[in-house]
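Here's the letter readout for the chains.
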Amino acid sequence: MKTILTSAALASAFAMIFGATHAAPQVARSAASRPDSVQVAAWRADLIFMAKEMERRHRNLYHTISPASFDSAVTALHARIPSLARHEIIVEMARIVALVEDGHTNIAPTRDLKVGFTTLPIRLYFFKDGLFIRAAHHSHRRLVGSRVAQIGRMTPDQAYARVRELVGRDNEMDARFFAPFLLAMPEVLHALRITDEPGEATFVVERAGKKEPVVLRSFGPAPMMPSDTDVSWWAADGWID
């Protein structure tokens, strides 16, 4: 049986990592916002703590990745922390955790309010014939049903390949399920260099055979998902589905 890294057993651990020392901004910070020396030391301590706790708590942390490769990823991020903004550090930590490749070991921005990422005013979903805007806030209702042709500088498939690396997964369906949530988070899109700004993203959407660029901005906190139920399809006030 796997240890669930993001369960209550590690709630205090992740509260330390994403808590007061690294408080989430109310709006996305500029990409130029880098940690000061005190914050660098704190992030590095948190990274080391995370790696040690993963090894201590997981039943078989190295069932997919070797200890040397895991240590190399941690060491590389340790060196890069001074050059990264808060959201970029969190995304890179998520990438390290996802290297374990099981569905219960992850840093999920949809499961922890302290991560503090925002969402664009749309909900995405991968159907058989592509990535679609399946819902939107009423202020963007005309986008509902549009096929996504481009996100920032990438095609949907290219963007998916980037966010897939952040998802703890047992199989490809795990990644296909969680990726649309990440693709609607401007901080994630910026950290992965899919877009240029951490607070907005340009989508090219296709409707009735016509393509149109649309600039979407951070709309508010990313919605949280319970650990045992998919409520993402439930109707939300002010949203068109």
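Parameters and conventions
Throughout, a residue's number is its position along its own chain's written sequence, starting from 1. Owing to the predicted nature of the model, reporting of local features is limited to residues with pLDDT of at least 70; listing and counting of side-chain atom pairs is limited to 80 or more, with chain, interface and lining totals taken over all residues. Remark: hydrogens and water are excluded; side-chain values derive from all non-hydrogen atoms of the structure. The helix count covers DSSP runs of H or I at least four residues long, the strand count covers runs of E at least two residues long, and both are numbered beginning at the N terminus. Contact definition: two residues touch when any of their heavy atoms are within 4.5 Å. Values of accessible area rely on a 1.4 Å probe in the Shrake-Rupley scheme; residue burial ignores everything except the protein chains shown. As used in this record, nonpolar core signifies buried Ala, Val, Leu, Ile, Met, Phe, Trp, Tyr and Cys residues forming a set joined through side-chain atoms within 4.5 Å. A simple rule labels every residue: compare its accessible area, found with a 1.4 Å probe on the protein chains alone, to the largest value its type can have, and call it buried under 20%, exposed over 50%, or partly exposed in between. Known as pLDDT, the predictor's confidence for each residue is given on a scale from 0 to 100. Centres within 6.5 Å are what make two rings of Phe, Tyr or Trp a pair, Trp counting through its six-membered ring; a difference in plane orientation under 30 degrees is then read as stacked, over 60 as edge-to-face, and the rest as tilted. Our definition puts a charge over a ring when NZ of Lys or CZ of Arg is within 6 Å of the ring centre and also within 35 degrees of the ring normal. Axis definition: a line fitted to C-alpha atoms, over the contacting stretch in the case of helices. Angles run 0 to 180 degrees between N-to-C directions. Angles below 35 degrees are treated as roughly parallel, those above 145 as roughly antiparallel, those between 65 and 115 as roughly perpendicular, and all remaining angles as oblique.

Undergrad: An account of the overall build of the protein chain is requested, with residue identities and associated values reported.
TA: Looking only at helices and strands, the protein chain has seven helices and eight strands in total. The long-range fraction of contacts in the protein chain, counting pairs at least 24 apart against all pairs at least 6 apart in sequence, stands at 69%. Summed over all atoms, the accessible surface of the protein chain reaches about 11,800 Å², with 54% contributed by carbon and sulfur.

Undergrad: Pulling in residues and values, what's your account of the nonpolar core?
TA: Ile122, Leu124, Ile151, Val163, Leu183, Val188 and Phe203 are the most contacted members of the largest nonpolar core, which has 60 residues in total. The biggest single contributor to this core is helix α4 (residues 86-98), with seven residues. Every residue in contact with Leu124, bar those within four places of it in the chain, is listed here: Leu131, Phe132, Ile133, Arg134, Val148, Pro180, Leu183, Ala184 and Phe203.

Undergrad: Account for the confidence of the model for the protein chain, naming residues and giving values.
TA: Per-residue confidence for the protein chain gives a mean pLDDT of 89; residues scoring 70 or more make up 87%. Note on residues 1-12: pLDDT under 50 across the span, and 24 contacts to partners over four residues away in sequence or across chains.

Undergrad: Please give an account of the packing of aromatic side chains that cites residues and values.
TA: Within a pair of aromatic rings, the relevant descriptors are the distance that separates the centres and the angle that separates the planes. Applying the stated criterion across every chain yields a total of eight aromatic pairs. Taken together, a centroid distance of 5.0 Å and an interplanar angle of 75° make the contact between Tyr125 and Trp233 edge-to-face. One end of the pair, Tyr125, is in strand β2 (residues 122-127); the other, Trp233, is in the loop between β7 (220-221) and β8 (239-240), and 108 residues separate them in sequence. The exposure class assigned to Tyr125 is partly exposed, which follows from its relative accessible area of 24%. We classify Trp233 as partly exposed; its relative accessible area is 39%. Each member of the aromatic cluster is reached from another via a ring pair, and the members are Tyr125, Phe127, Phe132 and Trp233. A cation over an aromatic ring shows up here: Arg123 above the ring of Trp239, its NZ or CZ 3.8 Å from the ring centre. The ring of Tyr160 has Arg176 sitting right over it, with the charged end atom 4.8 Å from the ring centre.

Undergrad: Summarise the packing of helix α3 (residues 67-80) against α4; cite the residues concerned and give the values.
TA: In contact at an axis separation of 10 Å, α3 and α4 are set at 175° when each is read in the N-to-C sense. Accordingly, the angle class assigned to the pair α3 and α4 is roughly antiparallel. The segment α3 lies against α4, with Phe70, Ala73, Val74, Leu77 and Arg80 engaging Ile89, Glu92, Met93 and Ile96.

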